[in-house]
Amino acid sequence: MRIALFGYGKMGKMIEEIAQKRGHEIVAKVDVGAEDIDYASMDVAIDFSTPDSAFENITGCFEHGVPVICGTTGWLDQYNEAVDLCNANKSAFIYASNFSLGVNIFFELNAHLAKMMSKLNKYKVSMEEIHHTQKLDAPSGTAITLAEGIINNTAYTSWQLEASGEKIIPITSKREGMVPGTHSICYESSVDSIEIKHTAHNREGFALGAVIAAEWIQGKTGVFSMKDVLNLS
Ligand SMILES: NC(=O)c1ccc[n+]([C@@H]2O[C@H](COP(=O)([O-])OP(=O)(O)OC[C@H]3O[C@@H](n4cnc5c(N)ncnc54)[C@H](O)[C@@H]3O)[C@@H](O)[C@H]2O)c1
Ligand SMILES: O=C(O)C1=N[C@H](C(=O)O)CCC1
């Protein structure tokens with residue numbers, strides 16, 4: 001498969017390594033200030049760039065019929081517009097706030113736990129995410145997906161950073177050293193606590209999931225999720 005990397009930072013470099021090990025070719029590395037992008041050379045684009053640049057990168061690919069795997073977080077106010085442009089151009093698209101297989105299992109566990117906890121009104125939920133100090137967005141995209149998993153299965157209606165309120169999920173975002181990504185969810189009552197936690201030890205899991213998604217999307221048209229890729233429904 002001929003892969004173009006949009007964003008050649010920490011994740012772009014890790015994806016290059018994993019993709020080459022799986023027998024794929026990197027045909028373009030599109031980073032800040034790139035000109036004359038050769039879309040015809042690409043079977044798929046993988047975007048791990050910045051919140052400010054992801055939308056333009058993605059929609060440029062759709063306009064040239066290139067399928068896109070996007071892991072960039074912090075641009076989702078434009079997600080619906082990207083979906084419309086994907087469909088209008090009969091292209092293909094997967095966005096995931098987290099491509100790691102472990103986190104996608106954790107998303108399912110979170111939804112299942114939330115469903116059970118929705119019957120127990122003595123417990124209050126809270127979430128904490130910890131990432132490296134270079135991270136541009138807060139809360140993390142993964143934390144937002146986890147919060148949506150709770151909202152869809154309980155009486156909670158929204159999330160907020162450092163908030164308190166009856167139906168609001170409080171999220172604490174910490175930025176420390178080189179931490180690749182840690183997410184924990186806690187349900188607390190006066191008598192006990194239940195906590196679930198995912199800890200990424202490095203970036204390999206994110207990169208592998210993105211390459212697997214790129215392999216899966218070949219020949220498809222439409223908008224998909226990691227649930228489709230991993231057959232988790
Ligand atoms: N979904 C996931 O599984 C997952 C995992 C890790 C990181 N991320 C997200 O991926 C993104 C990138 O993470 P990172 O750790 O590689 O960051 P990074 O800062 O190391 O790399 C980002 C790269 O994007 C480049 N860039 C800036 N403007 C650009 C443009 N117009 N076009 C193309 N590239 C441009 C930067 O120069 C940089 O090289 C972040 O949004 C992060 O939150 C998602
Ligand atoms: O390093 C990052 O930045 C990460 N971003 C994603 C997020 O915002 O959830 C996934 C974890 C790593």
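What you are looking at is a predicted structure, and each value in this text was computed from that prediction instead of being measured.

(A) Examining the nonpolar core more closely. Grouped together as the largest cluster of nonpolar side chains are 27 residues, with contacts concentrated most on I15, I46, I69, I94 and F99. Of all the secondary structure elements, the ones that give two or more residues to this core are β1 (2–6), α1 (10–21), β3 (44–47), β5 (92–95), α6 (204–217) and α7 (226–230). Top contributing element to this core by residue count: α6, with 7 residues. Counting residues in each nonpolar core, the second largest holds 20 residues, with F6, F55, A82 and F93 among its members.

(B) Inspection of the pattern of salt bridges at higher detail. For the structure on display, the rule yields 8 salt bridges. Of the charged contacts in the structure, one is a salt bridge between K29 and E16, with a shortest N-O distance of 3.0 Å. Here K29, found in strand β2 (residues 25–30), pairs with E16, found in helix α1; they are 13 residues apart in sequence, far enough to count as distant. The class of E16 is buried, set by a relative accessible area of 13%. For R22, the salt bridge goes to E215, with nearest N and O atoms at 2.9 Å. Taken as a pair, R22 in the loop between α1 and β2 and E215 in helix α6 lie far apart in primary sequence, 193 residues in all.

(C) Summary view of the sheet that holds β1. Taken together, the 6 strands give an open sheet; going across it, the order is β2-β1-β3-β4-β5-β11, and neighbouring strands pair in parallel fashion. For this open sheet the edge positions go to β2 and β11 (222–224), each flanked by a neighbour on one side alone. Ignoring which end each strand starts from, the neighbouring axes of this sheet average 20 degrees apart. When β1 meets β3, the two strands line up parallel, connected through 4 bridges. Residue pairing in the sheet places I3 in a bridge with V44 of β3. Against the sheet, helix α3 (residues 79–88) contacts β5 and β11, and its axis sits at roughly 140 degrees relative to β11.

(D) Quick look at the sheet that holds strand β6 (residues 124–131). Strand order across the open sheet formed by 5 strands is β7-β8-β6-β9-β10, with mixed pairing between neighbours. Both edges of this open sheet fall to β7 (158–161) and β10 (193–199), since each of them pairs with a single strand only. When the angles between neighbouring strand axes are averaged without regard to direction, this sheet yields 20 degrees. Two strands pair when backbone bridges link them, and β6 and strand β8 (residues 168–175) are joined in this way by 5 bridges, in the parallel orientation. Bridge pairing links E129 to S173 in β8. Those strands touched by helix α4 (residues 101–117) are β9 (182–188) and β10, and its axis lies near 165 degrees from that of β10.

(E) A look at the site of ligand 1. Near ligand 1 lie 22 residues; those nearest to it are K10, M11, D31, T73 and F99. Here K10 contributes a backbone N or O atom positioned 2.8 Å from an oxygen atom of ligand 1. Within the contact set of ligand 1, a nitrogen atom lies 3.0 Å away from a backbone nitrogen or oxygen of A96. Taken by itself ligand 1 offers 860 Å² of open surface, and the protein chains cover 80% of this. Within the shell around ligand 1, the residues separate by chemical class into 8 nonpolar, 11 polar and 3 charged.

(F) Local environment of the domain arrangement of the protein. Split into domains, the protein comes out as domain 1 (2–95 + 204–229) and domain 2 (101–200). Domain 1 and domain 2 are separated by 27 Å when their C-alpha centres are compared. Residue-level contacts link 9 residues of domain 1 with 11 residues of domain 2. Of the roughly 770 Å² buried where domain 1 meets domain 2, counting both sides, 65% is carbon and sulfur surface. Linking domain 1 with domain 2 are 1 salt bridge. The shortest N-O distance in the salt bridge between K227 and E108 comes to 3.6 Å. At the boundary of domain 1 with domain 2, the tally comes to 3 residue pairs in polar contact (both at pLDDT 80 or more). Partitioning the side of domain 1 that touches domain 2 into residue classes produces 3 nonpolar, 4 polar and 2 charged.

So, how was this worked out
Residues numbered from 1 in each chain as written. Chains lettered and ligands numbered in written order. Predicted model: local features only at pLDDT ≥ 70, side-chain atom pairs only at ≥ 80, totals over all residues. Heavy atoms only, no water. Core = buried A, V, L, I, M, F, W, Y, C linked by side-chain atoms within 4.5 Å. Buried < 20%, exposed > 50% of the residue type's maximum accessible area, 1.4 Å probe, protein only. Helix = DSSP H or I, 4+ residues; strand = E, 2+ residues; numbered from the N terminus. Salt bridge = Lys/Arg side-chain N within 4 Å of Asp/Glu carboxyl O. Pairing = 2+ DSSP bridges. Axes fitted to C-alpha atoms, helices over the stretch in contact; angles between N-to-C directions. Contact = heavy atoms within 4.5 Å. Near = heavy atom within 4 Å. Polar contact = N/O pair within 3.5 Å; in protein donor to acceptor, adjacent residues only side chain to side chain. Areas by Shrake-Rupley, 256 points an atom, 1.4 Å probe, with all protein chains shown as cover. Nonpolar A, V, L, I, M, F, W, Y, C, P; charged D, E, K, R; others polar. Domains from an automatic or database assignment. Buried area = accessible area lost by both parts, 1.4 Å probe.

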